[in-house]
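Architecture at a glance
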Number of protein chains: 2
Amino acid sequence: MTESEKVAENIAAVNLNNGSLEEDDDIVNPWNVESKSTTGVDYDKLIKRFGSSKIDQELIDRFEKITGKPPHHLIRRGIFFSHRDLHSILTLKEQGKPFYLYTGRGPSSGSLHMGHLIPFVLTKWLQETFDVPLVIQLTDDEKFLWKDLKLEEAMKMARENAKDIIAIGFDVNKTFIFSNLDYLGKCPNMYQNIIRIQKCVTFNQVKGIFGFGDSDPIGKIAFPAAQAAPCLSTSFPFIFGPAKVPCLIPCAIDQDPYFRMTRDVAPRLGFAKPALIHSTFFPALQGAQTKMSASDNNSAIFLTDTPKQIKTKINSKAFSGGRATVEEHRALGGDPDVDVPFQLLRFFLEDDDKLEAVRVAYKKGEMLTGEMKKLAIETISPIVEEHQRQRKLVTEEVLDKFMTLRKLEFSK
Amino acid sequence: MTESEKVAENIAAVNLNNGSLEEDDDIVNPWNVESKSTTGVDYDKLIKRFGSSKIDQELIDRFEKITGKPPHHLIRRGIFFSHRDLHSILTLKEQGKPFYLYTGRGPSSGSLHMGHLIPFVLTKWLQETFDVPLVIQLTDDEKFLWKDLKLEEAMKMARENAKDIIAIGFDVNKTFIFSNLDYLGKCPNMYQNIIRIQKCVTFNQVKGIFGFGDSDPIGKIAFPAAQAAPCLSTSFPFIFGPAKVPCLIPCAIDQDPYFRMTRDVAPRLGFAKPALIHSTFFPALQGAQTKMSASDNNSAIFLTDTPKQIKTKINSKAFSGGRATVEEHRALGGDPDVDVPFQLLRFFLEDDDKLEAVRVAYKKGEMLTGEMKKLAIETISPIVEEHQRQRKLVTEEVLDKFMTLRKLEFSK
């Protein structure tokens, strides 16, 4: 029985257009994330439903032991909370055997927002920690298929988004960035692996995993293979030659269906199952019931926002866990678990002690909503400003370098 | 209403796995051709069912008037019997406007057989007559998806088949040959057009046109777009630049479903509907109930067969329209319509007068089965021997030249 089949009943409950979702269940799929709870998705329940594993203290300890440095705060704080086969990747590291990182993004018009940073921030840290090659896929084909836009627009969006990603600070010598609509025409291996995968997956299977229906275009039905193909190292012969190298995928957990499908197929093609490390969702400013979305300007802090815009958005839009009046707040305390400014700090304030102090002070009512928002603004603004400084340095030439088919440098 | 929808009821009857086929209906689809009649498929009925147009005397006369030479015997004899928009192509020729030819083949292991020659023989003649560029697609991706073989084997078969095709005598300066598994990795435009087409076609539509089901792999479901894409001239920017040039497709009529689908999509993408010229099927040696098939060694005369093998096959396997005894044959005459040796002559004996004399003599009983077979052997053997001579000249270098992305020469 395959991984996808094993969780078939549970998967059905998370599918788009699937009526069998229970009243209280969170909707989590590549196209939609929605929770009825103000604290957001129930991630423990989601792990059970998806059949993944929790990142527990034992795994964190092993991670530290093998890499020789403390895990990133996004892992320590349970923001990356779930995994598949991360132990196997650590064993490879322990044995000095090669692997690579694969992550990606569905291009959006305009800038990335703060939530988009999360998988890339961890990926960058993993790349530095493991010293392995990294491939980043921009699914401009997916965007074109799902949205009412021209193919050329999707390709343009991919290039602009790639610049945002590069500005996070990836090492050009270790990173290959590609868009499907461009890369497929430059290397036959990618299309060949897509076709290999498409031979192994039936319509019934993608219907079960993604909830596709008979009236969906055949492009959507076939697309999951394009997101799966970079899990096969032979899709990048200029990096790996003919070697079958395992990969680790950092991503938000809504992307898991693609890789669950890939994990069923990979062994049939002679490859290791891709390992995964899953993040929670970055909350919308309005609250954790939905994730921050680029298509809702009010829900998101964009990487192009000015300090003034950030200040205004956090002050006026960010859902607060504080009480109705200062007096009440002082007396009863706030709720950091639903407080979006505090959640922003969980993602971006690196100092663990300070974060804990803030949490406790807010909960006790010693810290007011205005103070919490001020701290969030002071934490987020410099990150966005620094990104904007870096983004200016990413010229077309720099981008072309990242997108050039070439050998990458890595110790193994 | 689209072309595919218009004939939906009729199309249903020709689908693979479709139970609604009437007892007497011929099965005609890209994967199977079967008729209950010894004279083979009822082509007039098929034209009605497919909604195409008959090639009538008026069209043949116009063809001759515009090209200044008599139509090829394969057209004159009704072997190419059906078309879509051939009048529009003649008008383009008349006005000196550009168009191109597109044909293809699903690679097979081993050699091509005589039946495979037919669309290519006419294509070559059309190329010479019209002086236009020609693109030939080898669908190695299709073969890999449909058959139990390795991707590398499909690619190898494509190259070997391409050599057989080249040996027919195509002009390298006007012909581009490509295999999907190779070409897609060399030119992004092809994948981009495939995705554009896949966005316009739903699973419901390919289910209706090709009879795909829920348990089919997503590769099969998506494949029709790969056969459709060469109808868009922008799939070959090195030949046509950004121009939207109309195309004419010579093919056996079992391939019509692919192009019916394409004709529905092309206008939505700003292209002219591809025009088509359809051939009947080349009969199996055992009789016209099925077409000659490479997978049945006894049904086919291969381009690699020796004169002795050809002689033996025609003498011992070819279905005869003769009578049980010489006496009976002399008295009652034979039936050339079901006689496979005579059918071979219809396809390959160029002399109209001689063919008619043979037909009459056989029908009257003046010509015996042995004599008919002898004439068929004498007609086929030199064609096969000449092909083998030419085939020896097609080296890897010659093949690479045909498969190189480059400008083609043509008057317009």
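Residues numbered from 1 in each chain as written. Chains lettered and ligands numbered in written order. Predicted model: local features only at pLDDT ≥ 70, side-chain atom pairs only at ≥ 80, totals over all residues. Heavy atoms only, no water.

Under the annotation held in an unreviewed UniProt entry, chain A carries the name Tryptophan--tRNA ligase, cytoplasmic and is attributed to Hermetia illucens. Annotation of chain A in UniProt includes, under Subcellular location (unreviewed entry), the sentence "Cytoplasm". (UniProt positions renumbered as here; feature names shortened; annotations may be inferred.)

Looking only at helices and strands, one finds 22 helices and 11 strands in chain A. Against the compact-globule benchmark of 22 Å for 412 residues, chain A has a radius of gyration of 21 Å, which places it among compact chains. In terms of overall dimensions, chain A has a C-alpha envelope of 65 × 50 × 45 Å along the principal axes. For chain A, the proportion of its 412 residues judged to be buried stands at 59%. Of all intrachain contacts in chain A linking residues separated by at least 6 positions in sequence, the fraction that spans at least 24 positions is 77%. One way to put it: in chain A the 54 positive side-chain charges average out to a point 4 Å from where the 55 negative ones average out. (Helix = DSSP H or I, 4+ residues; strand = E, 2+ residues; numbered from the N terminus. Rg over C-alpha atoms; globule rule 2.2 N^0.38 Å. Buried < 20%, exposed > 50% of the residue type's maximum accessible area, 1.4 Å probe, protein only. Contact = heavy atoms within 4.5 Å. Lys, Arg positive; Asp, Glu negative; His and termini not counted. Charge placed at Lys NZ, Arg CZ, Asp CG, Glu CD.)

Residues and elements named next belong to chain B. In terms of strand pairing, strand β10 (residues 283-284) meets strand β11 (residues 287-291) through 2 bridges, oriented antiparallel. When the sheet's bridge partners are listed, proline 283 is paired in β11 with lysine 291. Between β10 and β11, which pair antiparallel one after the other, the connecting turn spans 2 residues. (Pairing = 2+ DSSP bridges.)

This brings us to the relation of the copies chain A and chain B. Laying chain A over chain B is done by rotating through 180° and shifting 0.0 Å along the axis; what remains is an RMSD of 0.0 Å. Given the turn and translation reported, the copies of this chain are related as if by a two-fold rotation axis. No C-alpha of chain A lies nearer the rotation axis than that of glycine 185 of chain A, which sits 2.1 Å from it. Mapped onto chain B, 100% of the interface residues of chain A again fall at the interface, so both copies present the same surface. (Least-squares fit on C-alpha atoms with pLDDT ≥ 70 in both.)

We now examine the domain arrangement of chain A. Residues and elements named next belong to chain A. Under the domain assignment, chain A is made up of domain 1 (3-284) and domain 2 (293-392). Distance from the C-alpha centre of domain 1 to the C-alpha centre of domain 2: 28 Å. Tallying the contact residues gives 26 residues for domain 1 and 28 residues for domain 2. Across the domain 1 to domain 2 interface the summed buried area is about 2300 Å²; carbon plus sulfur atoms make up 65%. On the domain 1 side of the interface with domain 2, the three residues burying the most area are Arg77, His113 and Met114, jointly 29% of the side's total. Counting every contact that joins domain 1 to domain 2 gives 4 salt bridges. With a shortest N-O distance of 3.1 Å, arginine 391 and glutamate 160 are connected by a salt bridge. Run the count over domain 1 and domain 2 and you get 12 residue pairs in polar contact (both at pLDDT 80 or more). Of all the secondary-structure elements, those providing two or more residues to the side of domain 1 that touches domain 2 are α5 (73-76), α7 (114-130), α9 (151-166) and β10 (283-284). Ranked by residues supplied to the side of domain 1 that touches domain 2, first place goes to α7 with 4 residues. (Domains from an automatic or database assignment. Buried area = accessible area lost by both parts, 1.4 Å probe. Salt bridge = Lys/Arg side-chain N within 4 Å of Asp/Glu carboxyl O. Polar contact = N/O pair within 3.5 Å; in protein donor to acceptor, adjacent residues only side chain to side chain.)

Below, the discussion takes up the pairing of strand β8 (residues 247-252) of chain A. Residue and element names in this part refer to chain A. Among the 6 residues in β8, 6 count as buried, and that is most of the element. The side-chain alternation of β8 yields two buried faces, one formed by Cys247, Ile249 and Cys251 and the other by Leu248, Pro250 and Ala252. Sheet topology places strand β5 (residues 100-105) next to β8; 2 bridges connect them, and they run parallel. Across the sheet, residue tyrosine 100 finds its bridge partner in β8, namely cysteine 247. Inspection of the sheet shows β8 paired to strand β9 (residues 275-279) by 5 bridges, in the parallel sense. Its bridge partner lying in β9, alanine 252 is registered against serine 279.

Right, let's talk about the nonpolar core for a bit. Formed by 107 residues in total, the largest nonpolar core has its most connected members in Ile197 of chain A together with Ile197 of chain B. Once residues within four sequence positions are removed from consideration, isoleucine 197 of chain B is found in contact with Ala225, Ala228, Ala229, Leu232, Met261, Val265 and Leu269 of chain B. (Core = buried A, V, L, I, M, F, W, Y, C linked by side-chain atoms within 4.5 Å.)

Often, the extent of an interface is quoted as the loss of accessible area on bringing the components together. Across the boundary between the two partners, chain A contributes 39 residues, which contact 39 residues of chain B. When chain A packs against chain B, the two sides together hide about 3200 Å² of surface, and 64% of this comes from carbon and sulfur. For the pair chain A and chain B, the interface holds 4 salt bridges. Between lysine 207 of chain B and aspartate 214 of chain A there is a salt bridge, with its nearest N and O atoms 2.5 Å apart. At the surface where chain A touches chain B, the tally comes to 29 residue pairs in polar contact (both at pLDDT 80 or more). With 7 residues, helix α11 (residues 188-200) of chain A is the single largest residue contributor to the side of chain A that touches chain B.

Turning to helix α6 (residues 86-95) of chain A, a few remarks are in order. Residues and elements named next belong to chain A. All buried positions along α6 are accounted for by Leu86, Ile89, Leu90 and Leu92. For α6, the angular spread of the buried residues around the axis is 155°, confining them to a single face. The inward-facing, buried residues of α6 abut α4 (57-67), β4 (80-84), α7, β8 and β9. Following α6 by one or two positions, glycine 96 has its phi on the positive side, about 70°. (Arc of directions from axis to C-beta.)

Compared with the 22 Å implied by 1.5 Å per residue over 16 residues, the 23 Å span of α9 of chain A between its first and last C-alpha is a close match. Within the sequence span of α9 of chain A, burial applies to Leu151, Ala154, Met157, Ala158, Asn161, Ala162, Lys163, Asp164, Ile165 and Ile166 of chain A. (Expected span 1.5 Å × (residues − 1).)

Our next topic: the environment of serine 179 of chain B. Residues and elements named next belong to chain B. In this fold, serine 179 is placed in strand β7 (residues 175-179). Sequence spacing of serine 179 and glutamine 286 is 107 residues, and the spatial spacing of their C-alpha atoms is 32 Å. If we ignore the near neighbours within four places in the chain, the residues touching serine 179 are Leu138, Asp140, Ala158 and Met403.

So, on to the confidence of the model for chain A. All names here are of chain A. In the predicted model, chain A carries a mean pLDDT of 93, and the fraction of residues at 70 or more is 94%. The model gives residues 11-21 a pLDDT under 50, and that stretch makes 29 contacts with residues more than four places away or in other chains. Here the prediction assigns the complex a pTM of 0.93, and the interface score ipTM is 0.92. (pLDDT = per-residue confidence, 0-100.)

Residues and elements named next belong to chain A. The 7 strands are arranged β3-β4-β9-β8-β5-β6-β7 in an open sheet whose pairing can be described as mixed. In this open sheet, the two edge strands, each paired with only one partner strand, are β3 (53-54) and β7 (175-179). Sheet contacts for α7: β4, β5, β6 (134-138), β7, β8 and β9; angle to β5, the most-contacted strand, approximately 165°. (Axes fitted to C-alpha atoms, helices over the stretch in contact; angles between N-to-C directions.)

Okay, the sheet that holds strand β6 (residues 134-138) of chain B next. Residue and element names in this part refer to chain B. Ordered by their spatial adjacency, 7 strands build an open sheet running β3-β4-β9-β8-β5-β6-β7, and the pairing between neighbours is mixed. Sheet topology places β3 (53-54) and β7 at the edges, where each strand pairs with a single neighbour. Together, β4 (80-84), β5 (100-105), β8 (247-252) and β9 (275-279) form the strand contacts of helix α16 (residues 256-265), whose direction differs from that of β9 by roughly 165°.

Residues and elements named next belong to chain A. Under the definition given, this model contains 50 salt bridges over all chains. Put simply, glutamate 396 and lysine 163 hold a salt bridge, and the shortest N to O gap is 2.5 Å. Taken together, the residues span a long stretch of sequence, with glutamate 396 in helix α22 (residues 396-403) and lysine 163 in helix α9 at a distance of 233 residues. In this structure glutamate 396 comes out as partly exposed when scored by relative accessible area, which is 34%. Ionic contacts of the salt-bridge type, sharing partners, join the residues Lys156, Arg159, Glu160, Lys163, Asp164, Arg391, Glu396 and Asp400 into one network.

Let us now look at the packing of helix α4 (residues 57-67) of chain B against helix α6 (residues 86-94) of chain B. All names here are of chain B. Two elements in contact, α4 and α6, have axes whose closest approach is 10 Å; the angle formed by their N-to-C orientations is 15°. Of the possible angle classes, the one that applies to α4 and α6 is roughly parallel. Handedness of the α4/α6 crossing: left-handed. Contact residues: α4 offers Leu59, Arg62, Phe63, Lys65 and Ile66, while α6 offers Leu86, His87, Leu90, Thr91, Lys93 and Glu94. For the contact of α4 with α6, the residue count by class is 5 nonpolar, 2 polar and 4 charged. (Parallel < 35°, antiparallel > 145°, perpendicular 65-115°, else oblique. Left-handed = near helix turned anticlockwise from the far one by under 90°. Nonpolar A, V, L, I, M, F, W, Y, C, P; charged D, E, K, R; others polar.)

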